Amino acid sequence: MSAAANAQGTTIEDLLASALALEEEASERYAELAEAMRSHNNREVAELFARMAAIEQLHVDEIRRQIVSRALTDLPAAGYRWVGLEGPETTDHSDLHYLMTPYQALSLALLNEQRARDHYLDIAAHSGDPEVEALAQELAAEEREHVVWVEQWLERFPRTDADWDQDADPANLQA
Ligand code: ZN
């Protein structure tokens, strides 16, 4: 979704609906990345992603609590998808396949954490509603923290060869 186009006038319903979709997407994608890193025998990064999946799930739970406590019904439909390494046009998760190295996986995570942060910052800057702005700032701060974590992890894993996605033996993927 493009919040940039219409952040102005964003209501609390809009914000919570997009936050729910965003955090659910993040939790699911991190679980996939954890699985990919496990198949890569990189337990360290797998554990990091599993932890991120759990953290994003806590956010999902918190957003749900806010929705219930505000007795909000009929939330607007909000889709939110992660982008691939090639940019926003790639949403088929081809980047999440099992040949991904820790560097690529962390780069993808960074890209999406930055995008999540910018999504909330954009709403905070343009909604015009103090309540929406406060909650959006709060959510942006959490994503900013995730950006920093992922950046720190990226420093530990050097960039790998550009041909990482050339699959030498596709059959192994099914193993
Ligand atoms: Zn996040």
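Going by the structure above, here's the rest.
### Let's talk about the overall build of the protein
- When its secondary structure is counted, the protein shows five helices and zero strands.
- Element order for the protein, N to C, with α for helix and β for strand: α-α-α-α-α.
- For the protein, with 175 residues in total, the buried portion stands at 45%.
- Restricting to contacts in the protein with at least 6 residues of sequence separation, those with at least 24 account for 81%.
- Accessible surface computed for the protein: about 9300 Å², of which carbon and sulfur atoms make up 49%.

### What to know about the packing of helix α4 (residues 102-126) against helix α5 (residues 130-156)
- In contact at an axis separation of 8 Å, α4 and α5 are set at 160° when each is read in the N-to-C sense. Taken together, the axis directions place α4 and α5 in an arrangement best described as roughly antiparallel. For α4 against α5, the interelement crossing comes out left-handed.
- Class assignment for the residues of the contact of α4 with α5 results in 17 nonpolar, four polar and six charged.

### A look at the nonpolar core
- Ranked by internal contacts, the top residues of the largest apolar core, which has 25 residues, are Tyr30, Leu33, Met37, Phe49 and Leu106.
- Listing elements by their share of this core, those giving two or more residues are α2 (12-39), α3 (43-69), α4 and α5.
- For Tyr30, the contacting residues outside a window of four places in its chain are Phe49, Met52, Ala53, Glu56, Trp82, Ala109, Glu113 and Val150.
- If you look at the next biggest cluster of nonpolar residues, it comprises 22 residues, including Ile12, Ile63, Ala124 and Leu135.

### Let's talk about the packing of aromatic side chains
- For the structure shown, the criterion picks out three aromatic pairs.
- For the ring pair Tyr30 and Trp82, a centre distance of 5.1 Å and an interplane angle of 85° mean the geometry is edge-to-face. Of this pair, Tyr30 sits in helix α2 while Trp82 sits in the loop between α3 and α4, and the two are 52 residues apart along the sequence. The exposure classification of Tyr30 matches that of Trp82, with both residues buried.
- On the numbers, 6.4 Å between centres and 5° between planes, the contact of Trp153 with Phe157 is stacked.
- Among the residues examined, Trp153 registers a relative accessible area of 13% and is labelled buried.

### Some words on the packing of α3 against α5
- Two elements in contact, α3 and α5, have axes whose closest approach is 12 Å; the angle formed by their N-to-C orientations is 175°. With respect to each other, α3 and α5 are oriented roughly antiparallel. Packed against α3, whose contacting residues are Glu44, Val45, Leu48, Arg51, Met52, Ile55, Glu56, His59, Ile63 and Gln66, the element α5 presents Leu135, Leu139, Glu142, Glu143, His146, Trp149, Val150, Trp153 and Arg156 at the interface.
- The class makeup of the residues in the contact of α3 with α5 is 10 nonpolar, three polar and six charged.

### Focus on the environment of Glu133
- Assignment of secondary structure puts Glu133 in helix α5.
- Note: C-alpha distance between Glu133 and Leu121 (12 residues apart in sequence) is 8.6 Å.

### Thoughts on unusual backbone geometry
- Located in the positive-phi region is Asn41, a residue other than glycine, with phi close to 60°.
- You can call Asn41 exposed: its relative accessible area is 71%.

### Re the pattern of salt bridges
- Applying the stated criterion across every chain yields a total of 10 salt bridges.
- A salt bridge links Arg64 to Glu24; its shortest N-O distance comes to 2.5 Å. Of the two residues, Arg64 sits in helix α3 while Glu24 sits in helix α2, which places them 40 residues apart along the sequence.
- Judged by its relative accessible area of 27%, Glu24 is partly exposed.
- As a salt-bridge pair, Arg117 and Asp118 come within 3.0 Å of each other at their nearest N and O atoms.
- Here Asp118 falls in the partly exposed class, since its relative accessible area comes to 38%.

Reading the values: rules and limits
Residues numbered from 1 in each chain as written. Predicted model: local features only at pLDDT ≥ 70, side-chain atom pairs only at ≥ 80, totals over all residues. Heavy atoms only, no water. Helix = DSSP H or I, 4+ residues; strand = E, 2+ residues; numbered from the N terminus. Buried < 20%, exposed > 50% of the residue type's maximum accessible area, 1.4 Å probe, protein only. Contact = heavy atoms within 4.5 Å. Areas by Shrake-Rupley, 256 points an atom, 1.4 Å probe, with all protein chains shown as cover. Axes fitted to C-alpha atoms, helices over the stretch in contact; angles between N-to-C directions. Parallel < 35°, antiparallel > 145°, perpendicular 65-115°, else oblique. Left-handed = near helix turned anticlockwise from the far one by under 90°. Nonpolar A, V, L, I, M, F, W, Y, C, P; charged D, E, K, R; others polar. Core = buried A, V, L, I, M, F, W, Y, C linked by side-chain atoms within 4.5 Å. Phe/Tyr/Trp six-rings, centres within 6.5 Å; stacked < 30°, edge-to-face > 60°. Salt bridge = Lys/Arg side-chain N within 4 Å of Asp/Glu carboxyl O.

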